[in-house]
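Residue-level structure breakdown
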Amino acid sequence: MKKIFILMIILIAMPISAFAAKEVAMPLNVSAVKESEVYNFEIKNAKNKDAIEIEVKSEGNDVKSKVTKNVLVKNNKKYISLTQKELDSLVGPSTGYTFRLRFAKNDGKSNFTEELHLGKAPIFRNYSNWAYNDLLKAEELKLFSKEVAKNTREKITREEFAEIAVKAYEIKYKRSAQGSVKQFKDTDNKYVNMAYDLGIMKGKNSGEFAPKDHITREDYAVVISNLFKLEKSKDLKIKDAKKISNYARDYVNNALNGGYLNLDEKNNFNPKREMTREEVISSIVRHI
């Protein structure tokens, strides 16, 4: 009876031991460095041609993706590499990334390493890939506030637009603006006052500015014409021209001819559509 009991313990323990034997050790002593347009990861306990799964996250958009690479050996160093082009295709462009690595061998996958951070995350967040380079330039110029930077795909308000427009004016014309006099009863925002003094933006009815309202494409065309002093240009064929307000029609043509705005694939302007922060920033920064 005693021998049978011991045998049962051994049989029960066998699957646990077998499972433990298959456990894959995680990458150890991983060091990472960026050299030009290549990110290199040295893994001390790797072997030549080991498969390494890399989880990468953009620190600008929080987009995650995974890719598997095989270990290379050079000068006694065991490493894997990712190019900037590969990262752009995986998670979109960014200046900062978070990486985690693990072995992906035939007998199983290991746990991931702790996070490795390379580069510097851009100030702006939640952006479209097409707007990235324009946003980088705008960040260097300090064209937008931290609040705007938190979510550049968000629709832009009139007071946020006033700040960007005034800063763009100061950069383009190398002149400082003043906005100490309160112009509207519903806001004390200094950039709103500056935009009014410069003749870039006007208020709405009853002496109000409506600072939290969003900017439509036709109103953007008016402001951009004032900001960049666009001259009257030829009338373009716009399919939905009748939807454009009378006060904005000449300005819309100016903005379209100047490349500040575009028609859609059906040749519509969509005058009432509200613009996003990144659309406004991208349009302006290309013309400063």
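Description of the structure in this document. This one's a predicted model, so the numbers in the text were calculated from it and none came from an experiment.

Take the overall build of the protein chain next. Counting its regular elements, the protein chain contains nine helices and nine strands. The C-alpha atoms of the protein chain give 29 Å as radius of gyration, which overshoots the globular expectation for 288 residues (19 Å, by more than 25%). Once the C-alpha set of the protein chain is aligned to its principal axes, its extents read approximately 100 × 50 × 45 Å. Looking at the protein chain as a whole, 43% of its 288 residues are labelled buried. Charge-centre separation for the protein chain: the mean point of 52 positive side chains lies 4 Å from the mean point of 39 negative side chains.

Bridge count for strand β2 (residues 38–43) against strand β6 (residues 77–83) is five bridges, and the pairing is antiparallel. Its bridge partner being in β6, Phe 41 is matched across the sheet by Ile 80. Note that strand β5 (residues 72–74) and β6 share three bridges and pair antiparallel. Residue Val 73 lies in a different strand from β6, and its bridge partner there is Lys 78.

What follows is about the environment of Asn 48. Locating Asn 48 in the fold gives a position in the loop between β2 and β3 (51–58). For Asn 48 and Phe 112, which are 64 residues apart along the polypeptide, the C-alpha to C-alpha distance reads 19 Å. Other than its neighbours up to four places away in sequence, Asn 48 contacts Val 71, Leu 72 and Val 73.

Helices that pack against each other are described as a pair by the angle of their axes relative to one another and the distance between those axes. Across the interface, helix α7 (residues 217–227) lies against helix α8 (residues 249–257) with an axial gap of 8 Å and an inter-helix angle of 70 degrees. Relative to α8, the element α7 lies roughly perpendicular. Taken together, the residues of α8 that come into contact with α7 (itself represented by Glu 218, Ala 221, Val 222, Ile 224, Ser 225 and Asn 226) are Tyr 251, Val 252, Asn 254 and Ala 255.

Rules and cut-offs
- Residues numbered from 1 in each chain as written.
- Predicted model: local features only at pLDDT ≥ 70, side-chain atom pairs only at ≥ 80, totals over all residues.
- Heavy atoms only, no water.
- Helix = DSSP H or I, 4+ residues; strand = E, 2+ residues; numbered from the N terminus.
- Rg over C-alpha atoms; globule rule 2.2 N^0.38 Å.
- Buried < 20%, exposed > 50% of the residue type's maximum accessible area, 1.4 Å probe, protein only.
- Lys, Arg positive; Asp, Glu negative; His and termini not counted.
- Charge placed at Lys NZ, Arg CZ, Asp CG, Glu CD.
- Pairing = 2+ DSSP bridges.
- Contact = heavy atoms within 4.5 Å.
- Axes fitted to C-alpha atoms, helices over the stretch in contact; angles between N-to-C directions.
- Parallel < 35°, antiparallel > 145°, perpendicular 65-115°, else oblique.

Function-wise, these values are silent; they only describe arrangement.
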